Amino acid sequence: MAVHESMVVMNGTQISYIGHDCEDIPEFLGERYGRHARRLDLSFNLLRSLAGLKAFSELEELIVDNNLLGNDLRLPRLPHLHTLTLNKNQLTDIESLLEHLAAATPSLEYLSLLGNEACPNQLVSLDKDEDDYQRYRYFVLHKLRGLKFLDTRKVTERERMEAETRGAFMKVVKPKSEEGFLPNADMCTMGNTRRETDSFAMTSSDTRPDTT
């Protein structure tokens, strides 16, 4: 345990445990830091589950970019969480994810899903265009009406109005590759994603869009 704890970077209430190939959140993180942690960065691991977050009931910011989180993702109820970045995971079912987040994270204001198939932009598919991405934004904002930022863009009043009137009809269709199977561990390796320069610069507090 001492070896693992030496890999933790702590700065006040900010905890980072980045790039250690863990498939689950280590128990010692919750035991030692869960009560006072407000920001937790678990990027560049091999996480498939976030069950270990139960100990982090006061969490306000969660960064889990570059992991292996899929459509079975479940968060414990985190009533204070306002920032969540899930960039570059294996999420494809946007509707299921949003319904879960609406229940588990009622204070959510900042959400980023870049690099997932659930987020239809050119980062994951060259056949997607701005119209596809805008429809996705309307649907997300219809489900999560408290969001102020989605991915790297501030939510506009016009988007809110469109989401209210049309968002329910903008459901994003799951990719054809999802029909009939789910990706397994052998099909997805971390490879170059371990390089922090390939994380869309989303693993630090600087990732939140400028509100000024």
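The following refers to the structure shown. Quick caveat, the model's predicted, so the values are computed rather than measured.

What follows covers the overall build of the protein chain. Helix and strand content of the protein chain: five helices and eight strands. Tracing the protein chain from N to C terminus, the helices and strands come up as α-β-β-α-β-β-β-α-β-α-β-β-α. Counting over 212 residues, the protein chain shows a buried share of 49%. Across the protein chain, contacts joining residues at least 24 apart in sequence account for 54% of those joining residues at least 6 apart. As displayed, the protein chain offers around 11,000 Å² of accessible surface, 48% of which is attributable to carbon and sulfur atoms.

Looking now at the packing of helix α3 (residues 94-104) against helix α4 (residues 130-143). Close contact between α3 and α4 brings their axes to 9 Å; oriented N to C, the two are set at 30 degrees. The pairing of α3 with α4 is recorded here as roughly parallel in orientation. Crossing handedness for the pair α3 and α4: right-handed. For the pair α3 and α4, contact is made by Ile 94, Glu 95, Leu 98, Glu 99 and Ala 102 and by Tyr 136, Phe 139, Val 140 and Lys 143, respectively. Among the residues making up the contact of α3 with α4, the classes are represented as six nonpolar, no polar and three charged.

Before going further, it helps to examine the pattern of salt bridges. Under the defined criterion, the tally for this structure stands at seven salt bridges. A salt bridge links Lys 143 to Glu 95; the shortest N-O distance between them is 3.9 Å. Pair noted here: Lys 143 is in helix α4 and Glu 95 is in helix α3, with a separation of 48 residues, a long-range link. Classification of Lys 143 as partly exposed rests on a relative accessible area of 25%. Three or more residues are tied together by salt bridges with common partners; here these are Glu 95, Glu 99 and Lys 143.

Glancing now at the nonpolar core. Counting 47 residues, the largest nonpolar core has Leu 29, Leu 50, Leu 53, Leu 62 and Leu 111 as the members making the most contacts within it. Residue assignment for this core shows that the elements contributing at least two residues are α2 (27-33), α3 and α4. Leaving out residues up to four positions away in the same chain, Leu 53 has contacts with Ile 25, Leu 40, Leu 59, Leu 62, Leu 75, Pro 76 and Leu 78.

Attention shifts here to the sheet that holds strand β2 (residues 14-16). If you trace the eight strands from one edge of the open sheet to the other, you get β1-β2-β3-β4-β5-β6-β7-β8, paired in mixed fashion. Each end of this open sheet is capped by a strand with a single partner; those strands are β1 (9-11) and β8 (153-154). Across two bridges, strand β7 (residues 149-150) lies against β8 in antiparallel orientation. Paired with Phe 149 across the strands is Lys 154, a residue of β8.

Quick notes on the rules
Residues numbered from 1 in each chain as written. Predicted model: local features only at pLDDT ≥ 70, side-chain atom pairs only at ≥ 80, totals over all residues. Heavy atoms only, no water. Helix = DSSP H or I, 4+ residues; strand = E, 2+ residues; numbered from the N terminus. Buried < 20%, exposed > 50% of the residue type's maximum accessible area, 1.4 Å probe, protein only. Contact = heavy atoms within 4.5 Å. Areas by Shrake-Rupley, 256 points an atom, 1.4 Å probe, with all protein chains shown as cover. Axes fitted to C-alpha atoms, helices over the stretch in contact; angles between N-to-C directions. Parallel < 35°, antiparallel > 145°, perpendicular 65-115°, else oblique. Left-handed = near helix turned anticlockwise from the far one by under 90°. Nonpolar A, V, L, I, M, F, W, Y, C, P; charged D, E, K, R; others polar. Salt bridge = Lys/Arg side-chain N within 4 Å of Asp/Glu carboxyl O. Core = buried A, V, L, I, M, F, W, Y, C linked by side-chain atoms within 4.5 Å. Pairing = 2+ DSSP bridges.

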